[in-house]
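# Tertiary structure, described
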Amino acid sequence: MKLIIYWFRNDLRLEDNPAFLQACADADHLLPIAIKTASYQATTKWGFERVSSHRQKFENESLLDLKTDLQRLGSDLLVVNGEPSNVFAKFAAVFKDLEVYCQQIEAPEEKEEILKIKKEGISVHEFWQSSMLDPSSLPFALDAMPDVFTHFRKEIEASKLRFASPRRMPGKIPPLPTNPPLEKCTINDLSLRASQFFKGGSQYAKLHVDQYFERSLPDTYKQTRNQLEGMDFSSKFSPWLATGCISARSIAQRINAYEEVYGANEGTYWLWFEMLWRDYFEFLAFKYGTRLFHGNGLTQKKSNSFDSVQFDQWRTGQTKSPFVNAGMTELAETGFLSNRMRQIVASYWVYDMHGDWQAGAAWFESQLIDYDVYSNQGNWLYIAGKGTDPRGGRPFNVLKQQEMYDPNGRYRARWLKNA
Ligand code: FAD
């Protein structure tokens, strides 16, 4: 009897989940599992919680939704606390013919988790499935991918590369094993505060994406995407993409289907273009690996030093710039921030306050409900001039940005009590 444990990582969905489909095809018994590792309770070296309540709430909602989907198909989701290697070792002691299937994540901590499981003598099958484009179909080898995004994009556009069609959810799931040797942990405290806009789970991802296309919002995307406020100025797909409640290929398919009916336009192109940034940062992780996680990044330039007083001013929204303070307040209160505001507050931290970009990235990791290891690391490196930006960094003139994007102070008034 072959037991496969399917370990849900950042792929909390059944639809277009090729790894899960393969597990269903190969298993006699299948146990779907999600693990809350110690990092959920950890404090960073900069002195704040590694995973904020916003992120925990969104993820818990997503897990509950996934559990319901699995139960509908006669299976279930076991959610446990612990380190993955310890969790699987307990199973391996009881089930001799055990294999683990999961999504591949090309980031240092996640790779370390897999190594530790393998050291327990357990075989692990990883599947790459988080990008829109299949890395093996790219017109270049990953280790030779163009560093500059524009070159990367042009090569992809010239090759007319298409994404593979999303896969359907399994019709049937192999039965659960009897007596799994672990206690369930409860998926707790769903009443935490978080952004009013977002609710985790595949069903909410679908509802959100449906309404976005039904209301023809791609048509105005290019004009509105740099705004700061409201639900409609950008797609807001990111929290569901980051947790894998929906796949990037499903979004790409929706863009294509929309274009077939209503015609392609600047907005649909730009939406795809931004999704391509997401892929670009994922693929850079294959090329550069752990170098993306060093203070110097891909350069010889040292990071700014860390000053805890300054850092607390920045993260709690008490800097000299009310505009930046408004952004930091929005982030702390909701777990979300527009792309424009992310760029502005990150630039302010690195270039105006001369702060350590890694501390800034860690604060975003803690707060963002769309936290994604590749996009967060990639964008911070880009802003700080430690990554692949041919301009060597992106300092923003914050006053100028304020005049352009918040000329009448409405955004500041919304988030600052004394504005
Ligand atoms: P839209 O503008 O509607 O774009 C559609 C999709 O394209 C997004 O959902 C996202 O998947 C992708 N996308 C758009 N812009 C980018 C970008 N610059 N880089 C990579 N993908 C992009 N995005 C995350 O998903 N997780 C992060 O942890 C994250 N950290 C960031 C940190 C900094 C300092 C900066 C400047 C940007 C960061 N971003 C991150 C990228 C971007 O800000 C968000 O993806 C975007 O704001 C999400 O809102 P949206 O879904 O409405 O995006």
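Anything mentioned here points back to the structure above.
Criteria and thresholds
- Residues numbered from 1 in each chain as written.
- Predicted model: local features only at pLDDT ≥ 70, side-chain atom pairs only at ≥ 80, totals over all residues.
- Heavy atoms only, no water.
- Helix = DSSP H or I, 4+ residues; strand = E, 2+ residues; numbered from the N terminus.
- Contact = heavy atoms within 4.5 Å.
- Near = heavy atom within 4 Å.
- Polar contact = N/O pair within 3.5 Å; in protein donor to acceptor, adjacent residues only side chain to side chain.
- Areas by Shrake-Rupley, 256 points an atom, 1.4 Å probe, with all protein chains shown as cover.
- Nonpolar A, V, L, I, M, F, W, Y, C, P; charged D, E, K, R; others polar.
- Buried < 20%, exposed > 50% of the residue type's maximum accessible area, 1.4 Å probe, protein only.
- Core = buried A, V, L, I, M, F, W, Y, C linked by side-chain atoms within 4.5 Å.
- Pairing = 2+ DSSP bridges.
- Axes fitted to C-alpha atoms, helices over the stretch in contact; angles between N-to-C directions.

Further remarks concern the side chain of Thr224. Note on placement: Thr224 falls in helix α7 (residues 221-224). Look past the residues within four positions of Thr224 in its chain and what remains in contact with it is Asp232 and Phe233.

This paragraph deals with the site of the ligand. In the vicinity of the ligand lie 24 residues, with Tyr221, Ser234, Ser235, Lys236 and Asn339 positioned nearest. Asn339 is positioned with one of its side-chain polar atoms (N or O) 2.7 Å from an oxygen atom of the ligand. A distance of 2.8 Å is found between a nitrogen atom of the ligand and a backbone nitrogen or oxygen belonging to Asp370. In isolation the ligand offers 820 Å² of accessible surface; the protein chains occlude 97% of this area. Listing elements by their share of the shell around the ligand, those giving two or more residues are α8 (238-243), α10 (266-288), α13 (339-352) and α15 (373-384). Counted by class, the shell around the ligand contains ten nonpolar, eight polar and six charged residues.

Structurally, the position occupied by Ser238 is in helix α8. Considered as a pair, Ser238 and Ala205 are 33 residues apart in the sequence and their alpha carbons are 9.8 Å apart. Beyond its immediate sequence surroundings of up to four residues, Ser238 is in contact with Phe336 and Asp370.

With that settled, consider the environment of Trp272. Mapped onto the secondary structure, Trp272 falls in helix α10. Judged by relative accessible area, Trp272 falls into the buried class, the value being 18%. Spatially, the C-alpha atom of Trp272 lies 9.7 Å from that of Met132, the residues being 140 residues apart in sequence. Among all residues touching Trp272, those that are not within four sequence positions of it are Met132, Ile156, Glu157 and Ile255.

Here we come to the nonpolar core. In terms of nonpolar packing, the biggest core is built from 88 residues, with Phe152, Ile156, Trp314 and Trp380 touching the most fellow members. When residues of this core are assigned to their parent elements, the largest contribution, twelve residues, is made by α10. Setting aside its immediate chain neighbours within four residues, Ile156 contacts Leu133, Leu138, Pro139, Phe140, Leu161, Trp272 and Leu276.

This part is about the sheet that holds strand β2 (residues 29-36). Ordered in space as β3-β2-β1-β4-β5, the five strands form an open sheet in which the pairing is parallel. Pairing within the sheet leaves two strands with one partner each, and these edge strands are β3 (78-81) and β5 (123-127). Each strand axis lies, on average, 30° off the axis of its neighbour in the sheet, ignoring direction. Pairing of strand β4 (residues 98-103) with β5 involves five bridges; the strand directions are parallel.

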